[in-house]
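Residues per chain, in single letters:
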Amino acid sequence: MNKKKKIRLLHIIYRSYIVTESFPNHLIEGTFQNVNNIMVYSMLKPGENISQFNYSIFTLSLYNFFSLYACWFLIKHFKFSLSYLFTKKNQNKFWIKTNFINLIRFIQLLKIIEKKGITHIHAHFGYIGNIFAELKRFSDIKFFVSFYGIDTSANLLPKYTNLIQYCDCFLVLSNYMKDDLIRTGYPPEKIEIVKIALKLENMPKIESTQKKKQIIFTGRLTAKKAICDAIDAFNLFYKNNREYTFIIIGEGPEHKKAEKKINELSLQNKVKLLGFQDPEHTFKHMVESEIFILPSRTATNGDKEGTPVVIIEAELLGLPVISTLHAGIPEIVVNNKNALLSREGDIKGMAASLDIFAKKPELLKSFSQFGAVYVENNFDLKKRVAELIELYREF
């Protein structure tokens, strides 16, 4: 690793919520603590408490469009500006307005690159990277983009034509995601795996508590999380295991479907939709539970998981995991060691997995112990940040 190579790094994100427990924001914070010259460009207004970190935050400013620099750019690169403005990139009926705003951002970023001497740009999410990858046409920068799952569906990856042409390094969460990119035509030699990780030292210290006969799901209630599959699996399991309950933490567009499913199966007294819970209460519920379930599947619109951080949190908290052979999930658990995986949509398979844990308490204990150690050895954010910084220095 070339430790003498000077890096002036600019992260581009959609909106900066540093106070949340999200992997992109943890990566940004981690690079700030290890590289001196870090800046962040937030496409929308930054979230609260952003000032607790000392790196520079930039966001959209309409003033920049009327600056002398913007006028110079628009005149010198008139054809590019027209093409950027009038090329329809999505089905949004306000696409010209969106292109106009992104052109302002593009010019603003180019000025920041020149003024601050930026050497590396790291865009988070493929669709954001695609908007700004052409910055390489006008500056001598190295361009990185991180994919997280929601941006890697089969109908999206081929549309990132600017990324394919200009990006120096594609960062993915799993081998599964890497294979998706390669199948779509992305150059394999430019793809690097940077696995998801946790700030282990920041995980809440929750005292050991008596376990309840309880199964838990946590996550946003979207189609790819397949919450109704989890309810159906619990229903089959519950017929022979009446002492168990199932709690569901999270909100989202599938909430009404889940509620309807619970009512249809007459499980109102055994399945509870708790809605959104803050991290402290979520982790408390997880520690009290025996089993964690996440029956992810590819949604009809192609949306799928990356590598769900909630599974790693469950492992660290000592919960055996029931999930599916979906996307990168098999790469963040060890099947038959700390998790039991079924095919996507295999309701009977997941119910059988629940039954195995209910009938073999010794298995619960061994899976629990293995999972916590496995996360500590493989998903420490400090190690992941070190890997990322080494990649920056290689370019």
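Predicted model, so just to flag it, every value in this text is computed and none were measured.

The next thing to look at is the packing of aromatic side chains. Counted by the stated rule, this structure contains 25 aromatic pairs. Residues Tyr 84 and Phe 106 carry aromatic rings whose centres are separated by 5.4 Å and whose planes lie at 55° to one another, so their mutual orientation is tilted. Residue Tyr 84 is found in helix α3 (residues 78–86), and its partner Phe 106 is found in helix α4 (residues 95–116); the two are separated by 22 residues along the sequence. One exposure class covers both Tyr 84 and Phe 106, and it is buried. When the ring of Phe 370 is compared with that of Tyr 374, the centres are 6.0 Å apart and the planes differ by 20°; the resulting orientation is stacked. Of the two residues, Phe 370 and Tyr 374 both sit in helix α13 (residues 361–378), four residues apart, roughly one turn of that helix. The class of Phe 370 is partly exposed, set by a relative accessible area of 31%. Three or more aromatic residues joined by ring pairs make a cluster, and in this case those are Phe 73, Phe 80, Tyr 84, Phe 106 and Phe 138.

Before going further, it helps to spend a moment on the pattern of salt bridges. For the coordinates displayed, the defined rule picks out 16 salt bridges. In this structure, the salt-bridge partner of Lys 261 is Asp 232, at a minimum N-O distance of 3.3 Å. Within this pair, whereas Lys 261 is found in helix α9 (residues 255–264), its partner Asp 232 is found in helix α8 (residues 227–238), the two being separated by 29 residues in sequence. Of the charged contacts in the structure, one is a salt bridge between Lys 257 and Glu 254, with a shortest N-O distance of 3.9 Å.

Rules of the game
- Residues numbered from 1 in each chain as written.
- Predicted model: local features only at pLDDT ≥ 70, side-chain atom pairs only at ≥ 80, totals over all residues.
- Heavy atoms only, no water.
- Phe/Tyr/Trp six-rings, centres within 6.5 Å; stacked < 30°, edge-to-face > 60°.
- Helix = DSSP H or I, 4+ residues; strand = E, 2+ residues; numbered from the N terminus.
- Buried < 20%, exposed > 50% of the residue type's maximum accessible area, 1.4 Å probe, protein only.
- Salt bridge = Lys/Arg side-chain N within 4 Å of Asp/Glu carboxyl O.

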